[in-house]
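# Breakdown of the fold
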Amino acid sequence: MSRTPDARVRDNQTRKIQENINNVEKHFGEMCQMFAGYVRKTARLRDKADLLVKEIGVYADLETPNLKRGMKEFADHLAKVEDYRQAEVERLEARVIEPLKSYGAIVKRKREDLKTTQSARTRETKQMAQLERTRQRNPSDRQIISQAESELQRATMDATRITRQLEETIDEFERQKIRDIKKIFGDFVTVEMAFHAKALEVFTLAYQSIQNVDEEEDLEVFRSSLHPPDYLSRLDIVRANSKTSLDRTGSFLGTSGTLQELLRGWSSQRGLSWFSFHGIARQRHRAPS
């Protein structure tokens, strides 16, 4: 049985539509999985960063004041970045993954439309075969042949009408697919740009907060921690005792000078010189021998 030119054209259209639907189903599904994996990895990165923020805060409590303050501020900024990352994850799920996922149901409906069209064309083909058989078996029975021709005509009209509807449906499907791809990919870039812009702003503040730590002041605090208070108290006592000894020595030397003046006055009254007095003193020390 030979096919009519219109039937062959419709068959080519059906194959092309079927191929298009298969491509959308396959690649939209794969893109959905890839984007979902991207979002999951981003969420895991957020979780790891949250642990990092916690660890920085724990360690900061053990550090010197300025470094502690700088690390705390750094951790706060890093936590804010992760808040933005959480928003990024939620927006990607809503604006990228969900629209891609919805194409599963859309493709299913288009397959149903295609199936309806194929069924109409199958009926047309069967009626065409039935007409051929009728003509061969009853070439002189015009009533049976006319009835078969009428049934073929109705089947052809149904197939033509359903094919036209399918063409319109697939045309709208193709238009919507292009729009959706543009929107989904555009939203992906917009969400990523918004996150990275905010992250860059906060990372700049984090950098400044840690770079503003006063190293010298913290070094002084650290050096002071090497000498505990009781050690400093003992050192102060030693220094105070040393000063008292020096003061006593100075006082004794001042008293000795006054004594020498008195001796000079006493020796002058008795006609003795200072040197003679020293000689007497030395002789008195040697007298016992």
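This structure is a prediction, so every number in the text was calculated from the model and none was measured. Starting from 1, residues in each chain are numbered consecutively following that chain's sequence as written. Only residues with pLDDT of at least 70 are given local features in this predicted model, and only at 80 or more are side-chain atom pairs given and counted; all residues enter the totals for whole chains, interfaces and linings. Just so you know, side-chain values use all the structure's heavy atoms and leave hydrogens and water out.

### Digging into the overall build of the chain
- Elements are defined by DSSP. Helices are runs of H or I of four residues or more, strands are runs of E of two residues or more, and each kind is numbered from the N terminus. Broken down by element type, the chain carries 6 helices and 0 strands.
- Listed by position from the N terminus, the elements making up the chain come as α-α-α-α-α-α.
- Taking all 289 residues of the chain together, 26% fall into the buried category.
- Across the chain, every contact between residues at least 6 apart in sequence was considered, and the portion connecting residues at least 24 apart equals 81%.
- Computed by Shrake-Rupley with a 1.4 Å probe, the accessible areas treat only the displayed protein chains as cover when residues are assessed. Surface exposure of the chain reaches about 20,200 Å², of which carbon and sulfur atoms provide 55%. Residue exposure (1.4 Å probe, protein chains only): buried if accessible area is under 20% of the type maximum, exposed if over 50%, otherwise partly exposed. Throughout, a residue-residue contact means that at least one pair of heavy atoms, one from each residue, lies within 4.5 Å.

### Comments concerning the environment of Gly29
- The topology assignment puts Gly29 in helix H1 (residues 5–60).
- Under the relative-accessibility criterion, Gly29 is labelled partly exposed at 28%.
- Between the C-alpha atom of Gly29 and that of Gly104, which follows or precedes it by 75 residues, the distance is 7.6 Å.

### Observations regarding the packing of helix H2 (residues 65–137) against helix H3 (residues 142–211)
- H3 packs onto H2 with a crossing angle of 170 degrees between their chain directions and a minimal axis gap of 8 Å. As judged from the angle between their axes, H2 and H3 are roughly antiparallel.
- Just so you know the grouping, Ala, Val, Leu, Ile, Met, Phe, Trp, Tyr, Cys and Pro go in nonpolar, Asp, Glu, Lys and Arg go in charged, and all remaining residues, Gly too, go in polar. Each residue belonging to the contact of H2 with H3 can be placed in one class, and the counts come to 34 nonpolar, 11 polar and 20 charged. Lines fitted to C-alpha atoms define the axes, with helix axes restricted to the stretch in contact, and inter-axis angles between N-to-C directions lie between 0 and 180 degrees. In this scheme, roughly parallel covers angles under 35 degrees and roughly antiparallel covers those over 145, while 65 to 115 is roughly perpendicular and the rest are oblique.

### Examining the confidence of the model for the chain
- Per-chain confidence: the chain averages 81 in pLDDT, with 76% of residues scoring 70 or above.
- Note on residues 270–289: pLDDT under 50 across the span, and 8 contacts to partners over four residues away in sequence or across chains. By definition, pLDDT measures how confident the predictor is in each residue, and it falls between 0 and 100.

### Remarks on the nonpolar core
- Residues belong to one nonpolar core when they are buried, are Ala, Val, Leu, Ile, Met, Phe, Trp, Tyr or Cys, and are joined through side-chain atoms within 4.5 Å. Counting 24 residues, the largest nonpolar core has Val96 and Leu100 as the members making the most contacts within it.
- Looking at this core, the elements that each hand over two or more residues are H1, H2 and H3.
- Here Leu100 is in contact with Phe28, Met31, Cys32, Phe35 and Ile184, once residues within four sequence places are set aside.
- Formed by 6 residues, the second largest nonpolar core is a distinct cluster that contains Val53, Ile56, Met71 and Ala75.

### Topic: the packing of H2 against helix H4 (residues 215–225)
- Relative orientation of the contacting elements H2 and H4 amounts to 125 degrees, with a least axis distance of 7 Å. Of the possible angle classes, the one that applies to H2 and H4 is oblique. Note on element contacts: H4 touches H2 through Glu217, Asp218 and Val221, opposite Pro65, Asn66 and Leu67.

### With respect to the side chain of Thr117
- Relative to the helices and strands, Thr117 resides in helix H2.
- For Thr117, a relative accessible area of 1% gives the class buried.
- Not counting residues up to four positions away in its chain, the partners in contact with Thr117 are Ile162, Thr163 and Leu166.

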